[in-house]
Every structure is written in structure tokens, then in C-alpha cells.
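Chain and residue survey
One-letter residues, chain by chain:
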Amino acid sequence: MGKKTKEFVTYWGPSIADWGDGTEKRFVIERDEDELKKGAQGGRKMQKISLNDIFKEGVVTGVDMENGYLPLVLYANDDLIIEVANCDREQGGWHRNMGADEWVFQYKGTRTLNCETGPITINEGEMSVIPRGIAHQNVGHGPNIEITIYTKKPLKRLAPLDTEQARKRMKIKDGKPVMPPVTLDSEPKG
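Because the structure is a prediction, the values reported are computed rather than measured. (Residues numbered from 1 in each chain as written. Predicted model: local features only at pLDDT ≥ 70, side-chain atom pairs only at ≥ 80, totals over all residues. Heavy atoms only, no water.)

Looking at the overall build of the protein chain
The secondary structure content of the protein chain amounts to 3 helices and 12 strands. Across the 190 residues of the protein chain, 28% fall into the buried class. The long-range fraction of contacts in the protein chain, counting pairs at least 24 apart against all pairs at least 6 apart in sequence, stands at 62%. As displayed, the protein chain offers around 13,500 Å² of accessible surface, 55% of which is attributable to carbon and sulfur atoms. (Helix = DSSP H or I, 4+ residues; strand = E, 2+ residues; numbered from the N terminus. Buried < 20%, exposed > 50% of the residue type's maximum accessible area, 1.4 Å probe, protein only. Contact = heavy atoms within 4.5 Å. Areas by Shrake-Rupley, 256 points an atom, 1.4 Å probe, with all protein chains shown as cover.)

What follows is the structure, given as C-alpha cells:
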């Protein structure tokens, strides 16, 4: 028997927030850390993907959609698609997704989304959501890596716009959230 450690078991949704859909059962068990570290037999294994290795110089995606490279789909299921791209200059056309919201994350570099609701520049480490039906065009400012998650169900912002309020939303004390948990019915404050 090795050192005992806590294992936090969760189901759908954030690890503490109450989604109110019957899957919010969360519990803590004590486990033998050596048993956890030695690895399970069978099941799905974690694998890593190096975006920096995939997007070497000259691998540019989605510029004219005729020659070159398409965005690379990393993972997908019936509810969402996760893809990665490097559009290092102005895309040769606009895109309107009628079937999904697009969550966009700027992993590396900077790009501007020209959009029919107004342009938005996304810098490294920033993200946004392009709601379904909104036309947009990627304009990369040099090499960059962008991750996009397409989701069939509309995304609702739950994090407050105010960064201090967002940090408060994350705070826990004595194993409980300091602020009431968010729900899909709640509106972000701040």
C-alpha cells in the first residue's frame, strides 16, 4: 500500500457547478496513489498531439480553400468537432456556419476575425464565440495556431466579463464554492 490521495469523481459539467440535469453527482474517494500511477489495463489511453510540430513553416490552412492545406480535425463526435488551423494572412473568402456555434481559441500568434457584427482581434491566449449564422473571415497576422470547437448546441457564456468577478466565481473554501454555482439558466454577473 502506497500513499493515500484524494480522487475527485465527477460526471457531466464542471467539477463543482450544479448543472441541474441529474448528473451532478460528485464525490471524493481515497485511493492508493501508487495504484493510480502504475496505469490501468485496457480502456482509452491519453495521447498527446503537438500542434507546434504539425504547423511547421509553410503549413497554412484555409487561405483559398483550393490549394494548400485544410484545417486539421483533431477530435469529433456527434455533438462537437475540434479542429486546428494556421491562417497566417487574409482568408480568400468569408464563412457562415449555419449548423454550429464556433468557440475559437488563439493558441499562438494573433488574428482578426472580420465579422458582419464588427471586427474582433484575438491575441495569444484569448478566445471568443462566433454564433451560428454570423459571417466571418480570418485574417492572420503572421504564423499562428488557432483551435476551433464547433458545437451543434448554442453556447451560452457563463463566465463573467469582469476578470475579478471571474476569479471570484472560481474560488472555493472548505471544499465549497464561495459563490453559488452557475447553471445553464443563470446569467453571468460582471
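Back to the text.
Observations regarding the nonpolar core
Formed by L51, F55, V59, L74, V84, F105, I145 and I147, the largest nonpolar core amounts to 8 residues. Sequence-distant contacts of I145, that is, excluding residues within four places in its chain, are made with L51, N52, F55, V84, A85, F105, Q106, Y107 and K108. The next biggest cluster of nonpolar side chains, apart from the first, holds 6 residues, and it includes L113, C115, I122 and I134. (Core = buried A, V, L, I, M, F, W, Y, C linked by side-chain atoms within 4.5 Å.)

Things to note about the side chain of Q91
Note on placement: Q91 falls in the loop between strand 4 (80-85) and strand 5 (101-108). Excluding residues within four positions of it along the chain, Q91 makes contact with G62, V63, Q137 and N138.

Overview of the pairing of strand 3 (residues 72-76)
In the sheet, strand 3 pairs with strand 4 via 4 bridges, with the strands oriented antiparallel. Within strand 4, the residue paired with Y75 across the bridge is I82. The loop that links strand 3 with its antiparallel partner strand 4 comprises 3 residues. (Pairing = 2+ DSSP bridges.)

Observations concerning the sheet that holds strand 9 (residues 136-140)
A sheet is described by the order of its strands in space; here 3 strands give the open sequence 7-6-9, paired in antiparallel fashion. Each having just a single partner strand, strand 7 (120-122) and strand 9 make up the two edges of the open sheet. In this sheet, neighbouring strand axes are inclined to one another by 25° on average, regardless of whether the strands run parallel or antiparallel. Note that strand 6 (residues 111-115) and strand 9 share 5 bridges and pair antiparallel. Considered in strand 9, the bridge of C115 is made with H136. (Axes fitted to C-alpha atoms, helices over the stretch in contact; angles between N-to-C directions.)

Topic: the environment of F27
Its place among the elements puts F27 in strand 2 (residues 27-32). For the pair F27 and Y11, spaced 16 residues apart in the sequence, the C-alpha separation amounts to 9.8 Å.

So, the sheet that holds strand 8 (residues 127-130)
Spatially, 5 strands are ordered 3-4-10-5-8 in an open sheet, and the strand pairing comes out antiparallel. Both outer strands of the open sheet, strand 3 and strand 8, are each paired with one neighbouring strand and no more. Averaged over all pairs of adjacent strands, the angle between their axes in this sheet comes to 20°, without regard to strand direction.

Comments concerning a nonpolar patch on the surface
Judged by side-chain polarity, I49, I54, L72 and Y75 come together as a nonpolar surface patch covering roughly 320 Å² of accessible area. Position of I49 relative to the elements: it lies in the loop between helix 1 (33-38) and helix 2 (51-54). Judged by relative accessible area, I49 falls into the partly exposed class, the value being 37%. (Patch = residues over 30% accessible without salt bridge, like charges linked within 9 Å, V, L, I, M, F, W, Y side chains within 5 Å. Salt bridge = Lys/Arg side-chain N within 4 Å of Asp/Glu carboxyl O.)

As for the environment of C87
Topologically, C87 is positioned in the loop between strand 4 and strand 5. Apart from the residues lying within four places of it in its own chain, the contact partners of C87 are V60, T61, G62, V63, N138, V139, G140, N144 and E146.

A few points about the side chain of D101
With respect to the secondary-structure elements, D101 resides in strand 5. Given a relative accessible area of 5%, D101 falls into the buried group. Polar contacts involving the side chain of D101 include one to the main-chain amide nitrogen of R132, which spans 2.9 Å. Here D101 is in contact with V129, I130, P131, R132, I149, Y150, T151, K153, P154 and L155, once residues within four sequence places are set aside. (Polar contact = N/O pair within 3.5 Å; in protein donor to acceptor, adjacent residues only side chain to side chain.)

Topic: the pattern of salt bridges
Tallying each qualifying case throughout the model produces 9 salt bridges. D88 is paired through a salt bridge with R89; the nearest N and O atoms lie 2.7 Å apart. A salt bridge links R96 to E116; the nearest nitrogen and oxygen atoms lie 2.8 Å apart. Here the residue R96 occupies a position in the loop between strand 4 and strand 5, and E116 occupies one in the loop between strand 6 and strand 7, the gap between them amounting to 20 residues.

Note that every value here comes from positions in space, so none of it alone points to a role or purpose.
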